[in-house]
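Chain residues, written in single-letter form:
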Amino acid sequence: QVQLVESGGGLVQPGGSLRLSCAASGSIFSINAMGWYRQAPGKQRELVASISSGGSTNYADSVKGRFTISRDNAKNTVYLRMNSLKPEDTAVYYCTAGKYISGSFYFGNYWGQGTQVTVSS
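About the cut-offs
- Residues numbered from 1 in each chain as written.
- Predicted model: local features only at pLDDT ≥ 70, side-chain atom pairs only at ≥ 80, totals over all residues.
- Heavy atoms only, no water.
- Helix = DSSP H or I, 4+ residues; strand = E, 2+ residues; numbered from the N terminus.
- Rg over C-alpha atoms; globule rule 2.2 N^0.38 Å.
- Buried < 20%, exposed > 50% of the residue type's maximum accessible area, 1.4 Å probe, protein only.
- Contact = heavy atoms within 4.5 Å.
- Lys, Arg positive; Asp, Glu negative; His and termini not counted.
- Charge placed at Lys NZ, Arg CZ, Asp CG, Glu CD.
- Pairing = 2+ DSSP bridges.
- Axes fitted to C-alpha atoms, helices over the stretch in contact; angles between N-to-C directions.
- Salt bridge = Lys/Arg side-chain N within 4 Å of Asp/Glu carboxyl O.
- Polar contact = N/O pair within 3.5 Å; in protein donor to acceptor, adjacent residues only side chain to side chain.

A. Fine view of the overall build of the protein chain. Assigned secondary structure in the protein chain consists of zero helices and 11 strands. Going from N to C terminus, the protein chain has its helices and strands arranged as β-β-β-β-β-β-β-β-β-β-β. Relative to a compact globule of 121 residues, whose C-alpha radius of gyration would be 14 Å, the protein chain shows 13 Å and is just as compact. For the C-alpha atoms alone, the extent of the protein chain along its principal axes is close to 45 × 30 × 25 Å. Put simply, the protein chain has 121 residues, and 43% of those count as buried. For the protein chain, long-range pairs separated by at least 24 residues make up 58% of all intrachain contacts whose partners lie at least 6 apart in sequence. Between the centroid of the 11 positive side chains of the protein chain and the centroid of its 6 negative side chains there is a distance of 4 Å.

Here is the structure:
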């Protein structure tokens, strides 16, 4: 099993920035990718960004150029730097861990508890 603990959510004004962190522990050997999903009220959970242990990344079109995903393999931690935040970025953000195989990401077995991000003036 892999345990994921998120931190860094909160309330920010439009145009502001936040950084989310997610630390993984447990059976780390079974994963080689981590990512962030988000779910807004009344909407489906959607992938925001993902990163492999080798540094390959993928972003949702809605966050390209504003969000940056990175990871510290030594600390088993993934970060999501969110700039130029918009009210539509308001959601619960979930960390996830899984596999990166032949250019594709596979998530679904491991999730964090979620952290609320609210963008409002």
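B. Region of interest: the sheet that holds strand β8 (residues 77-82). Strand order in this open sheet of four strands is β1-β3-β8-β7, and the pairing throughout is antiparallel. Of all the strands in the sheet, the pair left with one neighbour each is β1 (2-7) and β7 (67-72). Neighbouring strand axes in the sheet, compared pairwise and without regard to direction, differ in orientation by 20° on average. Looking at chain direction, β7 and β8 are connected through six bridges and run antiparallel. Looking at the pairing, Asp 72 lines up with Thr 77 of β8.

C. Local environment of the side chain of Ser 21. Mapped onto the secondary structure, Ser 21 falls in strand β3 (residues 18-26). Residue contacts for Ser 21: discarding those within four places in its chain leaves Val 5, Glu 6, Ser 7, Trp 36, Val 78 and Tyr 79.

D. Examining the pattern of salt bridges more closely. Applying the stated rule across the entire model yields four salt bridges. Where Glu 46 meets Arg 38, a salt bridge forms, and the shortest distance between an N and an O atom there is 2.7 Å. On the accessibility criterion, Glu 46 (34% relative accessible area) is partly exposed. Of the charged contacts in the structure, one is a salt bridge between Asp 89 and Arg 38, with a shortest N-O distance of 2.9 Å. With a gap of 51 residues between them, Asp 89 in the loop between β8 and β9 (91-101) and Arg 38 in strand β4 (residues 33-39) connect regions that are remote in the sequence. A residue is classified by how much of its surface remains accessible, and Asp 89, at 0% relative accessible area, is buried. Among the charged side chains, a network of salt bridges with common partners joins Arg 38, Glu 46, Arg 66 and Asp 89.

E. Region of the structure containing the side chain of Thr 77. By the secondary structure assignment, Thr 77 is in strand β8. A distance of 2.9 Å separates the side chain of Thr 77 from the backbone oxygen of Lys 75, its partner in a polar contact. Setting aside residues no more than four positions away along its own chain, Thr 77 makes contact with Cys 22, Ala 23, Ser 70, Arg 71 and Asp 72.

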